[in-house]
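Observations on the three-dimensional arrangement
Here is what each chain is made of, one letter per residue.
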Amino acid sequence: MNTYIIIPAYNEEKHISKTLDSLLNQTVKATKIIVVDDSSTDNTTSILKKYSAKHSNISFITKTSVEGHEPGSKVVEAFNYGFDQLDSNFDIICKFDADLIFPTNYLEEIISTFTQSTTIGMVGGFCYIEKNGEWVLENLTNKDHIRGALKAYSKECFNKIGGLKSAMGWDTIDEIIAKFNGYTVKTIENLHVKHLKPTGNKYAKKAGLRQGEAFYRMRYGTLLTQIAAIKLALKKRQFSYYLNCLKGFNLAKKSGASFLLTEEEGEFLRNLRKEGIRNKIL
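These numbers were taken from a predicted model, which means no experiment stands behind them.

1. Things to note about the overall build of the protein
A tally of regular secondary structure across the protein gives 10 helices and nine strands. For 282 residues, the compact-globule estimate of 2.2 N^0.38 gives 19 Å, and the C-alpha radius of gyration of the protein, at 18 Å, lies within 12% of that figure. In the protein, of all internal contacts separated by at least 6 residues, the share reaching a separation of at least 24 is 78%. For the protein, the exposed area adds up to about 13800 Å²; of that, 49% sits on carbon and sulfur atoms. Taking the 39 positively charged and 31 negatively charged side chains of the protein as two groups, their mean positions are separated by 5 Å.

2. What about the environment of Lys 206?
Within the secondary structure, Lys 206 is located in helix α7 (residues 204–217). The exposure class of Lys 206 is partly exposed, given its relative accessible area of 35%. Once the C-alpha coordinates of Lys 206 and Ser 39 are considered, the two residues, 167 residues apart in sequence, prove to be 21 Å apart.

3. Notes on the side chain of His 15
Here His 15 shows up in the loop between β1 (3–9) and α1 (16–24). Those residues in contact with His 15 that sit more than four places away from it in its chain are Ala 98, Asp 99, Leu 196 and Lys 197.

4. A short note on the pairing of strand β6 (residues 120–131)
β6 sits mainly inside the fold: 10 of its 12 residues count as buried. Alignment of β6 against strand β8 (residues 150–154), held across two bridges, turns out to be antiparallel. Residue pairing in the sheet places Val 123 in a bridge with Ala 152 of β8. As paired strands, β6 and strand β7 (residues 134–137) are joined by four bridges and run antiparallel to one another. The residue bridging Glu 130 from the neighbouring strand is Trp 135, located in β7. Linking two consecutive strands that pair antiparallel, namely β6 and β7, is a turn of two residues; a positive phi of about 55° is found at Asn 132 within it.

5. Section: the pattern of salt bridges
Inspection of the entire model under this criterion finds nine salt bridges. For Asp 87, the salt bridge identified is with Lys 32, shortest N-O distance 2.6 Å. Linking Asp 87 in the loop between α3 (73–83) and β4 (92–96) with Lys 32 in strand β2 (residues 32–37), this pair joins segments that are 55 residues apart in sequence. You can call Asp 87 partly exposed: its relative accessible area is 28%. Taking relative accessible area as the criterion, Lys 32 reaches 31% and is therefore assigned partly exposed.

6. Some thoughts on the side chain of Thr 3
Structurally, the position occupied by Thr 3 is in strand β1. The residues contacting Thr 3, other than those within four sequence positions of it, are Ala 30, Thr 31, Lys 32, Ile 92, Cys 94, Leu 107 and Ile 111.

7. As for helix α9 (residues 239–255)
When the terminal C-alpha atoms of α9 are compared, their 25 Å separation across 17 residues agrees well with the 24 Å that a helix rising 1.5 Å per residue should span. Every buried residue of α9 is accounted for by Tyr 241, Tyr 242, Asn 244, Cys 245, Leu 246, Gly 248, Phe 249 and Ala 252. Gly 256 sits one or two residues past α9 and shows a positive phi near 70°.

8. Concerning the nonpolar core
Counting residues in each nonpolar core, the largest one holds 82 residues, and the members touching the most others are Ile 5, Ile 7, Leu 20, Ile 93, Phe 96, Tyr 106 and Leu 150. With residues up to four places along the chain from it excluded, the contact list for Phe 96 reads Ile 5, Ile 6, Ile 7, Pro 8, Leu 23, Phe 102, Tyr 106, Leu 107, Ala 149, Leu 150 and Lys 151.

9. Points about the packing of helix α8 (residues 222–236) against helix α10 (residues 263–281)
Across the interface, α8 lies against α10 with an axial gap of 11 Å and an inter-helix angle of 55°. When the axis of α8 is compared with that of α10, the two are oblique. The hand of the α8/α10 crossing is left-handed. Contacts between α8 and α10 involve Leu 224, Ile 227 and Lys 231 from the first element and Arg 270, Arg 273, Lys 274, Ile 277 and Lys 280 from the second. The residue inventory of the contact of α8 with α10, partitioned by class, reads three nonpolar, no polar and five charged.

Here is what the cut-offs are and how they apply
- Residues numbered from 1 in each chain as written.
- Predicted model: local features only at pLDDT ≥ 70, side-chain atom pairs only at ≥ 80, totals over all residues.
- Heavy atoms only, no water.
- Helix = DSSP H or I, 4+ residues; strand = E, 2+ residues; numbered from the N terminus.
- Rg over C-alpha atoms; globule rule 2.2 N^0.38 Å.
- Contact = heavy atoms within 4.5 Å.
- Areas by Shrake-Rupley, 256 points an atom, 1.4 Å probe, with all protein chains shown as cover.
- Lys, Arg positive; Asp, Glu negative; His and termini not counted.
- Charge placed at Lys NZ, Arg CZ, Asp CG, Glu CD.
- Buried < 20%, exposed > 50% of the residue type's maximum accessible area, 1.4 Å probe, protein only.
- Pairing = 2+ DSSP bridges.
- Salt bridge = Lys/Arg side-chain N within 4 Å of Asp/Glu carboxyl O.
- Expected span 1.5 Å × (residues − 1).
- Core = buried A, V, L, I, M, F, W, Y, C linked by side-chain atoms within 4.5 Å.
- Axes fitted to C-alpha atoms, helices over the stretch in contact; angles between N-to-C directions.
- Parallel < 35°, antiparallel > 145°, perpendicular 65-115°, else oblique.
- Left-handed = near helix turned anticlockwise from the far one by under 90°.
- Nonpolar A, V, L, I, M, F, W, Y, C, P; charged D, E, K, R; others polar.

Here's what the structure looks like:
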C-alpha cells in the first residue's frame, strides 16, 4: 500500500527530528512524507532542508500564514495545503503532528488493519505523555476516537468524507461523516505513540469558546453540549472551560453560524452520542 504522510509544522525545532527519525525507522516505510512548514520562525526550516536533502521520500513546502496558534483551523489549513501538492497515487493518507515519536511497527500495524476490511475507513494508535518520568495515557484519549494528532484514512474513506474541514472539531466531524457513510473507525490500543508537546492551557479560553461554537455547528444541541462540555472540563480540570464552551455555543447560535454537518448527519451524531451515554449508564 502506498502511504502518504502530511505533517503540519510550526516552530517545531525541538521535536520534528524525533518525529521524522521515528518514521524513517519504520518496519514498513512511508511512500511519501511531506512536511508543511507553516511560517516557522525558529530553525524548523533548516532542519527540514537537511532531511529532505538526505531522504528521497521526505519533502517540505512552506506555507505563509498568520503567526501563532489558531485552535482547529490552522493545522487543517496547513494539511490541506500539503494535500494539494500531492498526487493521487496513495492508498492511505495520514495527518500526523510534528511532535510525535512512533513505535517502529506503527505503519505496519496501520496498513495491516486497513487490509482486514474495505469498510475500515480510519485507523490510529493511542497518545501517551510523559509525567514524572513515566509515559501515561493522555487523558483526552479513548478507544472510540482517534486523536487528531495521528489520523490515518483509507483513500476511499477520505474522498467520501470530502477531506478535512477547517474548523474546531474537525477530528470529530471526520469520524461522524465516515460512520454515517458506513465506515468503521479502528483504534489500536497497543500502538503507543509518545506525544511530546500535549495540548496545554495557554489557549484554554479561546479553545473553550471555539469548542462551544463547534458543538453548535456540529448540531449537538443544548443538552448534549452541556454534557460534552462538562466531560471536557473535568478532563482538563478547568471549570472555566465548561463556561467558555457554553458561551461559545450560545454566541454561535445567536449569530446563526453555519453548520458543519447536514441535518441527517447531525441526527446521526446525536443518536450516536445518546447511545454512548446509555451504554455507560447501563
